[in-house]
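Chain by chain, the residues:
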Amino acid sequence: MHHQKDDSSALKSLASLEAHLAGTLRPVAPPSNFVQRLSERIRIPERRVIVNRLQDWKRLFLVFGSVMSGMVLVITLARALYFLAARKRIV
């Protein structure tokens with residue numbers, strides 16, 4: 001039960017802090033040149049650019065998958081050779 005009192009008092013103090021900050025802080029507008037530069041930098045690319053980027057991601061995923069498959073194959077072969085070599089030593 002003691003834990004619930006701590007939680008409720010912490011919530012009350014947090015609420016009072018938020019209310020105090022909301023009363024003391026005022027909204028600040030960014031400089032207009034900043035907004036203009038930001039809007040120039042952020043723009044939606046053309047449809048063909050988006051399609052090209054998606055195709056590049058598909059190609060990258062294909063290459064990554066191929067490399068990972070090759071690594072699994074090499075590791076499997078290495079483990080098989082190690083197993084066979086260890087088996088010959090025992091016999």
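When its secondary structure is counted, the chain shows three helices and zero strands. Listed N to C, the secondary structure of the chain is α-α-α in terms of helices and strands. Relative to a compact globule of 91 residues, whose C-alpha radius of gyration would be 12 Å, the chain shows 31 Å and is clearly more extended. When the backbone C-alpha atoms are referred to their principal axes, the chain occupies close to 85 × 60 × 20 Å. Counting all 91 residues of the chain, 0% fall into the buried class. Of the roughly 9400 Å² of accessible surface on the chain, a fraction of 67% belongs to carbon and sulfur atoms.

A grouping of V63, F64, V67, M68, M71 and I75 is seen on the molecular surface, where their side chains present a nonpolar patch of about 560 Å² in accessible area. In this structure, M71 sits in helix α3 (residues 47–90).

We now examine the pattern of salt bridges. Evaluation of the coordinates by the stated rule reveals two salt bridges. The closest approach of N and O atoms between D56 and R59, which form a salt bridge, is 3.3 Å. With D56 and R59 both in helix α3 and three residues apart, the pair spans about one turn of that helix. You can call D56 partly exposed: its relative accessible area is 41%. Under the relative-accessibility criterion, R59 is labelled exposed at 53%.

As a further point, take the environment of A10. Among the secondary structure elements, A10 is positioned in helix α1 (residues 2–24). Overall, the relative accessible area of 40% leaves A10 in the partly exposed class.

What follows concerns the environment of F61. Locating F61 in the fold gives a position in helix α3. In this structure the C-alpha to C-alpha distance between F61 and E46, which are 15 residues apart in sequence, comes to 23 Å.

Reading the values: rules and limits
- Residues numbered from 1 in each chain as written.
- Predicted model: local features only at pLDDT ≥ 70, side-chain atom pairs only at ≥ 80, totals over all residues.
- Heavy atoms only, no water.
- Helix = DSSP H or I, 4+ residues; strand = E, 2+ residues; numbered from the N terminus.
- Rg over C-alpha atoms; globule rule 2.2 N^0.38 Å.
- Buried < 20%, exposed > 50% of the residue type's maximum accessible area, 1.4 Å probe, protein only.
- Areas by Shrake-Rupley, 256 points an atom, 1.4 Å probe, with all protein chains shown as cover.
- Patch = residues over 30% accessible without salt bridge, like charges linked within 9 Å, V, L, I, M, F, W, Y side chains within 5 Å.
- Salt bridge = Lys/Arg side-chain N within 4 Å of Asp/Glu carboxyl O.

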